[in-house]
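Examining the three-dimensional arrangement
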Amino acid sequence: MEDKTDIIQAFFTFAQKKQRKAIENLIKEENLNPESAKRYITTSLKKEYASENGTGLNEILPKMSPLNPMYLTKKNIVFQKISELVNKFKGIGGLS
């Protein structure tokens, strides 16, 4: 690496690879809807925070009745994990 620009670019490339892997792992671990989850997470990364408002979070959850006692638990767990992911990768950019 020749100068600071090369170092910064290498860091961002590394961090974005880690980000993509973390998102893939979260989608698999929580059995989320892949397309909706990527869209929701990308939007959250751009805004630099995850939101429980609107239907975005509900759309990414696995098929489950809102009347199921585990629904709110699952929603809270997923929201918490996405919030942590967004905080961890603030300033790195969204999925490319």
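Residues numbered from 1 in each chain as written. Predicted model: local features only at pLDDT ≥ 70, side-chain atom pairs only at ≥ 80, totals over all residues. Heavy atoms only, no water.

Counting its secondary structure elements, the chain contains four helices and zero strands. In the chain, the succession of α and β elements from N to C terminus is α-α-α-α. A principal-axis box enclosing the C-alpha atoms of the chain has dimensions of 60 × 25 × 20 Å. Burial analysis of the chain (96 residues in total) assigns 32% to the buried set. Expressed as a percentage of contacts within the chain between residues at least 6 apart in sequence, the contacts between residues at least 24 apart total 63%. As presented, the chain carries roughly 6,500 Å² of accessible surface, and 54% of it is formed by carbon and sulfur atoms. A distance of 4 Å separates the average location of the 16 positive side-chain charges in the chain from that of its 11 negative side-chain charges. (Helix = DSSP H or I, 4+ residues; strand = E, 2+ residues; numbered from the N terminus. Buried < 20%, exposed > 50% of the residue type's maximum accessible area, 1.4 Å probe, protein only. Contact = heavy atoms within 4.5 Å. Areas by Shrake-Rupley, 256 points an atom, 1.4 Å probe, with all protein chains shown as cover. Lys, Arg positive; Asp, Glu negative; His and termini not counted. Charge placed at Lys NZ, Arg CZ, Asp CG, Glu CD.)

A few words now on the packing of helix H1 (residues 4-29) against helix H4 (residues 69-88). Two elements in contact, H1 and H4, have axes whose closest approach is 11 Å; the angle formed by their N-to-C orientations is 175°. As summarised for this structure, H1 and H4 are arranged roughly antiparallel, according to the angle between their axes. Counted together, Ala22, Ile23, Leu26 and Glu29 of H1 and Lys81, Ile82 and Leu85 of H4 form the full contact between these two elements. Looking at the contact of H1 with H4, its residues break down into five nonpolar, no polar and two charged. (Axes fitted to C-alpha atoms, helices over the stretch in contact; angles between N-to-C directions. Parallel < 35°, antiparallel > 145°, perpendicular 65-115°, else oblique. Nonpolar A, V, L, I, M, F, W, Y, C, P; charged D, E, K, R; others polar.)

With that settled, consider the environment of Lys75. Looking at where Lys75 falls in the secondary structure, it is placed in helix H4. Taking the C-alpha atoms as reference points, Lys75 and Asn58, 17 residues apart in sequence, are found 7.5 Å from one another. Not counting chain neighbours up to four residues away, the residues in contact with Lys75 comprise Leu57, Asn58 and Leu61.

Summing up the model confidence of the chain, the mean pLDDT is 91 and the portion of residues at 70 or higher is 95%. For the chain, per-element mean pLDDT is lowest for H1, which scores 93, and highest for H4, which scores 95. (pLDDT = per-residue confidence, 0-100.)

With that settled, the discussion passes to the layout of surface pockets. Approximately 190 Å³ is the volume attributed to the largest pocket. In terms of lining residues, the largest pocket is bounded by Lys18, Lys21, Ala22, Asn25, Leu26, Glu29, Lys81, Glu84, Leu85, Lys88 and Phe89. Elements with a contribution of two residues or more to the lining of the largest pocket: H1 and H4. For the lining of the largest pocket, the element with the highest residue contribution is H1, accounting for six residues. (1 Å grid on protein atoms, 1.4 Å probe; cavity = no way out; pocket = protein on both sides within 12 Å on 5 of 7 lines; lining within 4 Å. Points joined across faces, edges and corners; volume = space filled by probe spheres on them.)

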